[in-house]
Amino acid sequence: MTFSRQLDKIMRGKVWRFFGGLKPDGRKSTSDTPIEELAIPSIITLPLDRHLGPDGEILVQVGDYVKAGQMLTNPGGKKKVPLHASTSGYVTAINMQVLPHPSGFLGRCITIKPDGKDAAVPPEPMLDWQERSPKELLERIRNYGVEGLGGAQFQTAVKIAAALEEAPGDCNIFIVNGAECEPVATCDDRLMQEKAEEIALGIEVVRHILNPKAIIVAIEDNKPKAIEAMQKAVASDVMVRVIPSIYPSGAARNLIKICTGIEIPYNEHTSECGIVVDNVETVFAIKQAVVDGLPLIKRVITVDGKTLGRKGNALVRLGTSVRFVLNAYKLNPERRQRIILGGPFMGFTLPTIDVPLTKSATCIFVPSHAELPEEQEPMNCIRCGRCARVCPSRLVPYQLYALSRAGQHKKTKSCGMMDCTECGCCSYVCPSRIPLTGQFRKEKNIIRLVNEQQWRNERAQERMAARKERLEKEEKQKAARRAAALARVQAQQEQNAKLSPEELAAKRAAAVQAARERAAAKRAQASAASTVSATSAAEATTAATASSNSAAAKAARRAALLSSAKQAAQHRQGQGLSQNAEAEATSVSASTEQAQAKAHDMMQHANKEGMLVAAMMAQGGTSALIKEQEEQRRSNLAAIAAGTAPLNAASPVAPVSDTGAAEVSAGGAAPENGEKLPYALRKAAVQKHAAPIFMWPEVAEQPKDMSKVENPPEEGMVIPESKPRTKTYLQAPTEVQPTKAPLPSRLRRADYVPPADADSDSTAP
């Protein structure tokens, strides 16, 4: 059958049927509830996991003020879109927070504290969009953050561009998905009822980009008001196709099968085959981005459940928490209340309600226990095959489940695990209540991890092969250099063999002289560099000490040195070790003055010795003063050893480490026979610790206080004290000596004499 005949059937309104599927209760009770825009929440949390990509960057920082519609990220790669602020306020944090996922894992988020003004960036409508090229329109769609709002959240501009670039010809069919097969959800239904004209304008924008041969708006037959509104709004050549209510008719491949009769292979994208499928809310977002100049910062969701005070469809800002929405709809939770994000089939139970709403959120379902019973304990598979009969992907779920539980990930992949759309039909019809869809989600993630690990291993093998090749190349280069060096040495040896001894000696002497000249040149170069550095250091030191070279500063330093020398001499004189304190002080002062003058002179000439002396002076004394103190300490020790000086005449500046210095402390007694006495026995020693206690005081036994006893005993009654019970198995058993029983009287002989300890009855006649 040629495509022209197939297209003719499509244009005539033929409807096909896909394999599998089921007809559950729709529960579209909110279909007649108008869309209500919720107030600005107290906090906005915008996840970054789908808005950065490789080499992406965040354009804001903590503390920045942002407006509604302002771009927050600059995404990297072609399949990412920027993130926009959904209201005005201040950025309070950029950190890890819980994301809307069954596992409750963390992801980077931008947190905004709204100011309540909802100030927005001025819109930039594209009034001449009909004259713009498809490339410009696609760039506009991408920059304004338009993504698939049906649940998959696939980048819309990439999908449309793939139909233009990768399809063999122009786009054949453009399908607007208004099926909304998920039970409970009615957000698309209400949007088609209220915004049909704007959706029709969005269809015209996509028509201008794709130029398709046919445009189909597919709507299930359980939405009569939406069908009527769209038929009035769209152009005459746009077909509004009414399809049967079969779940999951809203999946892209299933919808293509229903509307065109074409089955798209799972190893190809639908856009690559010339067929583009977009959700009605995505088309509405395209119209707002291109025609109105408004980025995607809001979306419509359905809030339903019997535990809510009211229910309906809400227009919420992206980043609004689930808790805020439930509070707005008066949640009255039951015990073990379940909060399902996304609908009863493809949704999942949230681990916490403090998670933000993203572009993929379509519904918040809050069922009661009577409306949606709790999951029962699963039983073993009975191989009934019901799951295989309802699977729209034509898989065998019970086989995939068995392989997945057995850990055979390669076999599950070869059996089509990645083709599973996670629609939940198999879990719905399973009589053993086995959570097939949950296991398949887990298995697909495991397969992705295995593929990523395999990719990493391949990259590592490539790096190892490149390294091996590089090492082999370097080894060849080393071998070539080695061979060249050996050839040069051999040629030199052959040349030297032809020379006479005098010529060989002259040649060697010339080589030695050339080497010396090169070494001298290197030394001269290094010396010049050190001289330049020393000169700069000397200039800095001279500038720093210029103020201290005045006459007043010199006089002050001299007076201070003279005073310290006098004090040292007086101290020695008071101890009986010196009789001429003034002379000693004058000599020490003179030597110190000479040392300072010498150091200053050396510093002026940038001498290293002068710098060393100056450093010693800065550290608390000159070399002359230190030498004088050392000589005085030695003379004091010698006088003490000879007995010509008092015992307490040691210099207070004597270091403790020298032999004998620590033994003559201030006020201490001289040790006998050169023996060092303990610290506690020295004269004038202060006892640092308390006296030891050699006997503990006896504790007086206090009489028992019976006033606090609930039932005290009567007077005169003695109550024995309770003793702890001992375990019998910890005590050795007592040995029992065997005793011989006496003979009865009738059996005794006449001359029998009973023993002294015999019983009285045994002696009876």
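Residues numbered from 1 in each chain as written. Predicted model: local features only at pLDDT ≥ 70, side-chain atom pairs only at ≥ 80, totals over all residues. Heavy atoms only, no water.

Caption draft 1: Layout of the packing of helix H11 (residues 397–405) against helix H14 (residues 436–497). Between H11 and H14, the least distance of the axes is 10 Å, while the angle of their chain directions is 55°. Judged by the inter-axis angle, H11 sits oblique to H14. Crossing geometry of H11 relative to H14 is assigned as left-handed. Only Leu436, Gln439, Phe440 and Glu443 of H14 make contact with H11, whose side of the interface consists of Pro397, Leu400, Tyr401, Ser404 and Arg405. (Axes fitted to C-alpha atoms, helices over the stretch in contact; angles between N-to-C directions. Helix = DSSP H or I, 4+ residues; strand = E, 2+ residues; numbered from the N terminus. Parallel < 35°, antiparallel > 145°, perpendicular 65-115°, else oblique. Left-handed = near helix turned anticlockwise from the far one by under 90°. Contact = heavy atoms within 4.5 Å.)

Caption draft 2: Focus on the nonpolar core. Within the largest apolar cluster, 47 residues are counted, with the highest numbers of intra-cluster contacts made by Phe174, Ile199, Ile203 and Met230. In this view, Phe174 contacts Ile203, Val206, Leu210, Pro212, Ala214, Ile215, Ile216, Val276, Asp278 and Val283; residues no more than four positions away in its chain are not counted. (Core = buried A, V, L, I, M, F, W, Y, C linked by side-chain atoms within 4.5 Å. Buried < 20%, exposed > 50% of the residue type's maximum accessible area, 1.4 Å probe, protein only.)

Caption draft 3: Spotlight on helix H6 (residues 224–233). The complete set of buried residues in H6 reads Ala226, Ile227, Ala229 and Met230. Along H6, the residues classed as buried sweep out an arc of 170° about the axis, all on the same side. For H6, exposure combined with an orientation more than 90 degrees from the buried face picks out Pro224 and Lys232. Buried residues belonging to H6 abut helix H4 (187–194), helix H5 (196–210), strand S9 (214–220) and strand S10 (238–243). (Arc of directions from axis to C-beta.)

Caption draft 4: Just the packing of aromatic side chains, in detail. Under the defined criterion, the tally for this structure stands at three aromatic pairs. For the pair Phe345 and Tyr428, a centre-to-centre distance of 5.1 Å together with 40° between the ring planes defines the contact as tilted. Of this pair, Phe345 sits in the loop between strand S14 (340–341) and strand S15 (348–349) while Tyr428 sits in helix H13 (residues 425–429), and the two are 83 residues apart along the sequence. Of the aromatic side chains, those joined through ring pairs into one cluster are Tyr247, Phe345 and Tyr428. Directly above the aromatic system of Trp16 lies the positively charged group of Lys14, at a separation of 5.3 Å from the ring centroid. Above the ring of Tyr329, the side-chain terminus of Arg310 is found at 4.4 Å from the ring centroid. (Phe/Tyr/Trp six-rings, centres within 6.5 Å; stacked < 30°, edge-to-face > 60°. Lys NZ or Arg CZ within 6 Å of the ring centre and 35° of its normal.)

Caption draft 5: Expanded view of the environment of Lys507. Summarising the element assignment, Lys507 is placed in helix H15 (residues 501–545). For Lys507, a relative accessible area of 31% puts it in the partly exposed group. With 11 residues separating them in the primary sequence, Lys507 and Asn496 have C-alpha atoms 9.5 Å apart. Not counting residues up to four positions away in its chain, the partners in contact with Lys507 are Gln492, Gln495, Asn496 and Leu499.

Caption draft 6: Quick look at the pairing of strand S8 (residues 173–178). The buried count for S8 comes to six of six residues, which makes it a mostly enclosed element. Residue alternation in S8 divides its side chains into two sets, Ile173, Ile175 and Asn177 and Phe174, Val176 and Gly178, and both sets are buried. Sheet analysis places S8 next to S9, joined by six bridges and oriented parallel. The residue bridging Val176 from the neighbouring strand is Val217, located in S9. (Pairing = 2+ DSSP bridges.)

Caption draft 7: Here's a closer look at the environment of Arg190. As for its placement among the helices and strands, Arg190 is situated in helix H4. Relative accessible area serves as the criterion here: at 9%, Arg190 is assigned to the buried category. If sequence neighbours within four positions are ignored, Arg190 has contacts with Thr30, Ser31, Asp32, Thr33, Pro34, Ile35 and Asn313. A distance of 3.1 Å separates the side chain of Arg190 from the backbone oxygen of Thr33, its partner in a polar contact. (Polar contact = N/O pair within 3.5 Å; in protein donor to acceptor, adjacent residues only side chain to side chain.)

Caption draft 8: Examining the state of the cysteines more closely. Under the criterion given, the structure shown has zero disulfides. Here Cys381 is not disulfide-linked; the sulfur of Cys387 is the nearest cysteine sulfur, at 6.5 Å. The partly exposed category is assigned to Cys381, whose relative accessible area is 37%. The thiol of Cys420 is not disulfide-bonded; the next cysteine sulfur, from Cys426, is found 6.3 Å away. (Disulfide = S-S within 2.5 Å.)

Caption draft 9: Main features of unusual backbone geometry. With an omega of 0°, the peptide bond running from Tyr247 to Pro248 counts as cis. Inspection of the secondary structure assignment puts Pro248 in the loop between S10 and helix H7 (252–260). One non-glycine residue, Arg336, lies in the positive phi region at around 60°.

Caption draft 10: Representation of the pattern of salt bridges. Tallying each qualifying case throughout the model produces 30 salt bridges. Here Arg459 ties to Glu458 by a salt bridge, and the two come within 3.8 Å at their closest N and O atoms. A relative accessible area of 23% places Arg459 in the partly exposed class. For Arg459, the salt bridge goes to Glu462, with nearest N and O atoms at 2.9 Å. Here Arg459 pairs with Glu462, and both are found in helix H14, just three residues apart, close to one helical turn. A single network of salt bridges, built from pairs that share partners, joins Glu37, Asp118, Lys298 and Arg317. (Salt bridge = Lys/Arg side-chain N within 4 Å of Asp/Glu carboxyl O.)

Caption draft 11: Region of the structure containing the side chain of Ser393. Its place among the elements puts Ser393 in the loop between helix H10 (386–390) and H11. Polar contacts involving the side chain of Ser393 include one to the side chain of Tyr266, which spans 3.1 Å. A distance of 3.3 Å separates a polar side-chain atom of Ser393 from the backbone oxygen of Asp419.

Caption draft 12: Region of the structure containing the side chain of Glu281. Note that Glu281 resides in helix H8 (residues 280–292). You can call Glu281 buried: its relative accessible area is 3%. Among the polar contacts made by the side chain of Glu281, one reaches the side chain of Arg299 at a distance of 2.9 Å. Within polar-contact distance, the side chain of Glu281 engages the backbone nitrogen of Val300 at 2.8 Å. Sequence-distant contacts of Glu281, defined by excluding residues within four places in its chain, comprise Leu149, Asp188, Leu191, Arg299 and Val300.

Caption draft 13: Quick peek at the sheet that holds strand S16 (residues 363–365). Spatially, six strands are ordered S1-S13-S12-S16-S14-S15 in an open sheet, and the strand pairing comes out mixed. With one partner strand each, in any of the chains shown, strand S1 (35–37) and S15 form the two edges of the open sheet. Here two bridges tie S14 to S15, and the two strands are oriented antiparallel to one another. For Ile340, the partnering residue across the bridge sits in S15 and is Thr349. On the sheet, H4 packs against S1, strand S12 (298–304) and strand S13 (312–317) and is oriented at approximately 125° with respect to S12.

Caption draft 14: Region of interest: the packing of H5 against H8. Between H5 and H8, the shortest axis-to-axis distance is 8 Å and the interhelical angle comes to 75°. Classed by the angle they form, the pair H5 and H8 counts as roughly perpendicular. Touching Glu198, Ile199, Leu201, Gly202, Ile203, Val205 and Val206 of H5 are Val280, Val283, Phe284, Ile286, Lys287, Val290 and Val291, all from H8. Taken together, the residues of the contact of H5 with H8 sort by class into 11 nonpolar, one polar and two charged. (Nonpolar A, V, L, I, M, F, W, Y, C, P; charged D, E, K, R; others polar.)

Caption draft 15: Inspection of the sheet that holds S8 at higher detail. On the basis of which strands lie adjacent, the open sheet formed by four strands has the order S10-S9-S8-S11 and parallel pairing. Both edges of this open sheet fall to S10 and strand S11 (275–279), since each of them pairs with a single strand only. Strand after strand, the sheet turns through a mean of 25° between neighbouring axes, direction not considered. Contacting S8, S9, S10 and S11, H5 crosses the sheet at an angle of about 155° to S8. With respect to the sheet, H6 is in contact with S9 and S10, its orientation differing from that of S9 by roughly 160°.

The values are spatial; any link to function lies outside them.
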